[in-house]
Amino acid sequence: MKLAVVGLQWGDEGKGKVVDYLAKDFDIDARFQGGTNAGHTVRHEDREVIFHQVPCGVLNKGVIGVVGAGCVFDPAIFFSELSNLKKINPKIEECIKISKYCHLIMPYHILIDKIREESKQGIGTTKKGIGPAYEDKYARVGLRVGDLFNQEFFKERLRANISRKNLMLMEIYHAEPLSDSEIFDKYMDYAKKLKPIVINDAAYLNDALTKGKNIIFEGAQGTLLDIDFGTYPYVTSSHTVSGSVGVGLGLPPFYVEQVLGVAKAYTTRVGFGPFPTESTEEFGKSLREIGKEYGATTGRPRRCGPFDAAIVKYAAQLNGVKEIVLTKFDVLSSFDKLKIAVGYTNAPAFDPFIADRLEPSYEEIPGFKKDISKIRDYDALPDEAKEYLKLIEHYTGLKIKYISVGPERNAVIRL
Ligand code: IMP
C-alpha cells in the first residue's frame, strides 16, 4: 500500500497522530516537503513526543523514516530531536535515513527569517529559516546534505554564500556579519555523525517499491499553506499538496495510490493571513484552551474558529482526497451549540485570492455535551455528535473514515 497523509486546513490538523496510528502497517514513512517548521505531536505511552524533522512513524517497530529531497534539513534540530528519541529507542538512528539531495538550513537562514519577521515583511513564520533555505535552493546557491562530504566544495560555497549574506545583513538589515569558519567547523562535525544515515532517497525508495514495500508519505503543514494553492503570501515555502510526493522523493506520481486527508473538527491557524471563520470571541478562546491550541514549534497561541466545509472541500479536490480523518472531536464536547460554515454569502466556493473578504454562512446545531474520549464505536456517540459528523460529510462531500477523540494512539473511532 502507498498512502499519502495530507492536511486539509492550515496545518496542525493532527497529521502526527494519524501517521503514528497508521504507520504500523507500513515499512517506510517518508517526508517529502517542509522542515523544522513542522511540529508533529505524538502521544507515546505516557509521554508527548514532538517531531520537527524526523518522520513520526518511526516510533512503530520496524518502520524506517526517510527525510526526502523535497525537505529542508537542520542538523542542529535533528540531533537534538534524535537525543530525545533515543530515550524511547536507543537504536532509533538505525531507523532514520536522510536524502543527500536535501537542502541544508544554515544559521544565516534562521537569522534572516528572524530579522524579516521583525520587519514589515513579516508573515508570522516559525522563524526556523524555512523560507530563506528554499530561496537559496531555487536561486541555485544552496548547500545540500550530500555537499557535507565534499569539504573543499562546501567550504568554497559557504564562503561565497556568507559574503553575499553579510552584505545583505549589514547593508539592508544593519545586523552583525557572520563568520564562515565557525559554521564550517560545526557542519563538518555534523557531517561525521550524519554519514552513516545519508542515502540517495530516489534510489532507495524506488528499490523498496519494486520489492513490494509499503510506504506512508507524511505531509507537513496543510493545503492552505501551499506555496501556490494556499493563502499566498501567508503560506510556507513548499508544496504541501499530494502532488508534491513524487517530486519530493524522486518517485513517479503513480505510486501515490491513496490520499487520506486530515481535518480538525474545527479550524485553527498560526501566523498572519486570512481566516474566514476565525472567532475572536468566547467560542474561539474556549477552543484554544480546551484544545490546547498553542504551536508545537513556536508555542504561539493558535487562532481558532468553527469548521469551514468550503476550505476542506477546496483542499480535498487539490489533493485527490475522498476520505478524511476528523481529529480532536472530543474538544467540542463542552459547547451548548456547534456551528459549521457551509459556504459563503458572497462567493460560490473558497478562493484564496478573495479569502480575506469571504463571509461564511453557518448552520448551527445543538452541542453534544458529553465526554466522548473513551468512545471507540460510532454507534455509541450521542445523536448530536452524529449530526455534526453528517453535516461535515454533507457539506464537504467527503467520507469520514476515522475520528480521533483523544491524543492517545488508540483514541480513534473507525467507521
Ligand atoms: P514558515 O513555514 O516557517 O516559513 O511559516 C510560514 C507560515 O506557515 C506561517 O504562517 C507559519 O505559522 C505556518 N506554518 C509553518 N509550518 C507550520 C506547521 O507545521 N503548522 C502550522 N502552521 C505552520
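Every value quoted in this text rests on a predicted model; they were computed, and no experiment measured them.

Here 10 strands make up an open sheet; going across it, the order is β9-β7-β5-β2-β10-β1-β11-β15-β18-β19 and the pairing mixed. The sheet is open, and its two edges are formed by β9 (198-199) and β19 (412-414), each paired on a single side. Pairing between strand β11 (residues 258-264) and strand β15 (residues 323-327): five bridges, direction parallel. Bridge pairing in β15 places Gly261 opposite Ile324.

Attention now goes to the packing of helix α3 (residues 107-117) against helix α5 (residues 151-171). Running from N to C, α3 and α5 point in directions that differ by 15°, and their axes come no closer than 11 Å. By the angle between their directions, the pair α3 and α5 is classed as roughly parallel. Where α3 crosses over α5, the two elements pack in a sense that is left-handed. Within the contact between the two elements, α3 uses Tyr108, Leu111, Ile112 and Ile115 and α5 uses Leu158, Asn161, Ile162, Lys165, Met168 and Leu169. Per-class residue counts for the contact of α3 with α5 are eight nonpolar, one polar and one charged.

Moving on, we come to the domain arrangement of the chain. Domain boundaries assigned for the chain yield domain 1 (2-99 + 198-260), domain 2 (103-194) and domain 3 (263-414). Distance from the C-alpha centre of domain 1 to the C-alpha centre of domain 2: 23 Å. With 26 residues of domain 1 at the interface, the matching set in domain 2 holds 18 residues. When domain 1 packs against domain 2, the two sides together hide about 1,800 Å² of surface, and 68% of this comes from carbon and sulfur. Counting every contact that joins domain 1 to domain 2 gives five residue pairs in polar contact (both at pLDDT 80 or more). Counting residues per element, the side of domain 1 that touches domain 2 draws most heavily on helix α2 (residues 75-85), which supplies five residues. Partitioned by chemical class, the residues of the side of domain 1 that touches domain 2 number 14 nonpolar, 10 polar and two charged.

This paragraph deals with the packing of aromatic side chains. A complete count under the given rule lists 13 aromatic pairs for this structure. Each ring, one from Phe73 and one from Phe78, has its centre 5.1 Å from the other, and the planes form 50°; the classification is tilted. Overall, the relative accessible area of 0% leaves Phe78 in the buried class. Ring centres 5.0 Å apart and planes at 55° place the aromatic pair Phe329 and Phe368 in the tilted group. Highlighted residues: Phe329 in the loop between β15 and β16 (337-344) and Phe368 in the loop between β17 (360-366) and α11 (383-396), separated in sequence by 39 residues. For Phe329, a relative accessible area of 0% puts it in the buried group. With relative accessibility at 5%, the residue Phe368 sits in the buried group. Through successive ring pairs, a cluster of aromatic residues spans Phe73, Phe78, Phe79, Phe154, Phe184, Tyr187 and Tyr190. Directly above the aromatic system of Phe184 lies the positively charged group of Lys155, at a separation of 4.9 Å from the ring centroid.

With that out of the way, let us pick up the nonpolar core. Counting residues in each nonpolar core, the largest one holds 67 residues, and the members touching the most others are Phe217, Phe307, Leu326, Phe329, Leu332, Phe350 and Tyr388. Here the element with the most residues in this core is helix α10 (residues 309-319); it accounts for seven residues. Ignoring sequence-local partners within four residues, the contact set of Phe350 consists of Leu224, Thr231, Pro276, Ala310, Ile311, Tyr314, Tyr344, Ala355 and Leu358. The next biggest cluster of nonpolar side chains, apart from the first, holds 49 residues, and it includes Val42, Ile96, Tyr187 and Ile197.

Along strand β2 (residues 28-31), one buried face is formed by Ile28 and Ala30 and the opposite face, lined by Asp29 and Arg31, is buried too. Pairing of β2 with strand β5 (residues 64-67), which is carried by four bridges, proceeds in the parallel orientation. Residue pairing for β5: Ala30 is matched across the bridge by Val66. Inspection of the sheet shows β2 paired to strand β10 (residues 215-218) by four bridges, in the parallel sense. Paired with Ala30 across the strands is Phe217, a residue of β10.

About the thresholds
Residues numbered from 1 in each chain as written. Predicted model: local features only at pLDDT ≥ 70, side-chain atom pairs only at ≥ 80, totals over all residues. Heavy atoms only, no water. Pairing = 2+ DSSP bridges. Helix = DSSP H or I, 4+ residues; strand = E, 2+ residues; numbered from the N terminus. Axes fitted to C-alpha atoms, helices over the stretch in contact; angles between N-to-C directions. Parallel < 35°, antiparallel > 145°, perpendicular 65-115°, else oblique. Left-handed = near helix turned anticlockwise from the far one by under 90°. Contact = heavy atoms within 4.5 Å. Nonpolar A, V, L, I, M, F, W, Y, C, P; charged D, E, K, R; others polar. Domains from an automatic or database assignment. Buried area = accessible area lost by both parts, 1.4 Å probe. Polar contact = N/O pair within 3.5 Å; in protein donor to acceptor, adjacent residues only side chain to side chain. Phe/Tyr/Trp six-rings, centres within 6.5 Å; stacked < 30°, edge-to-face > 60°. Buried < 20%, exposed > 50% of the residue type's maximum accessible area, 1.4 Å probe, protein only. Lys NZ or Arg CZ within 6 Å of the ring centre and 35° of its normal. Core = buried A, V, L, I, M, F, W, Y, C linked by side-chain atoms within 4.5 Å.

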